[in-house]
Amino acid sequence: TKRALVDLPLKENYFLNYILSGNYYSREYLPPYLRKENFNLIKSRLDRIEIITDSCESYFASLPDNYITKFNFSNIFEWMPPIDYEKLLHEAIRVGIPGGILTYRNLLVPRSRPESLKDQLIPDLELAHQLHEQDLSFIYRRYVVEKIKKG
């Protein structure tokens, strides 16, 4: 909360505005997906969205190797035991393309690539730090970015 109120720009922080007032500061400071200037771009890319109502574990098991280019795991590692977290990362590496990117944030449970995957997941600490500094959601302690290395 201190970071949100002291370090981040208040007007631009649509998360904080919505939390405190139930609304956004103004149309100028809406989240990108609600801004009028992004409507046509988003609409033109709707065919790229596939809604999956399954666990990552089950869905990944149905996929071939080298299928996914980017992963954004949103809060799922917070509730997983370390062994399940590591298993899911193994599957992400399998279904991910070489050079694929994994991103996730740490809220309460600190997670980053296990030592056993040091040759397959390469952290991008600079980009992770940059993204965390720009992150208006302010509740996360850390942003993690890792690149898949195969062969």
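Above: the structure in question.
Report follows, based on the coordinates. Keep in mind that what you see is a predicted model, and the values were worked out from it rather than measured.

**Looking at the sheet that holds strand S4 (residues 142–148)**
- Across the sheet, four strands lie side by side as S1-S2-S4-S3; this open sheet has mixed pairing. Either end of the sheet is taken by a strand with one partner, and the two such strands are strand S1 (68–73) and strand S3 (121–123). Adjacent strand axes in the sheet meet at a mean angle of 20 degrees when their direction is disregarded.
- Here S1 runs beside strand S2 (residues 96–106); their pairing, made up of five bridges, is parallel. Its bridge partner lying in S2, Ile68 is registered against Gly96.

**Some remarks on the pattern of salt bridges**
- Per the counting criterion, the structure on display carries four salt bridges.
- Here Arg105 makes a salt bridge to Asp135, at a shortest N to O gap of 3.1 Å. Placement of Arg105 in strand S2 and of Asp135 in the loop between helix H6 (125–134) and S4 is noted, with a sequence separation of 30 residues between them.
- Judged by relative accessible area, which is 11%, Asp135 ranks as buried.
- The network of salt bridges with shared partners includes Asp65, Glu91 and Arg94.

**So, the side chain of His132**
- Residue position: His132 is located in helix H6.
- Owing to a relative accessible area of 13%, His132 belongs among the buried residues under this scheme.
- In this structure, His132 is in contact with Arg3, Tyr140, Arg141, Arg142 and Tyr143, ignoring residues within four places of it in sequence.

**Remarks on helix H5 (residues 82–95)**
- Between its first and last C-alpha, H5 extends 20 Å over 14 residues, near the 20 Å set by a 1.5 Å rise per residue.
- Looking only at H5, the buried set comprises Tyr85, Leu88, Leu89, Ala92, Ile93 and Val95.
- The inward-facing, buried residues of H5 abut helix H4 (56–61), S1, S2, S3 and S4.

Conventions adopted
- Residues numbered from 1 in each chain as written.
- Predicted model: local features only at pLDDT ≥ 70, side-chain atom pairs only at ≥ 80, totals over all residues.
- Heavy atoms only, no water.
- Pairing = 2+ DSSP bridges.
- Helix = DSSP H or I, 4+ residues; strand = E, 2+ residues; numbered from the N terminus.
- Axes fitted to C-alpha atoms, helices over the stretch in contact; angles between N-to-C directions.
- Salt bridge = Lys/Arg side-chain N within 4 Å of Asp/Glu carboxyl O.
- Buried < 20%, exposed > 50% of the residue type's maximum accessible area, 1.4 Å probe, protein only.
- Contact = heavy atoms within 4.5 Å.
- Expected span 1.5 Å × (residues − 1).

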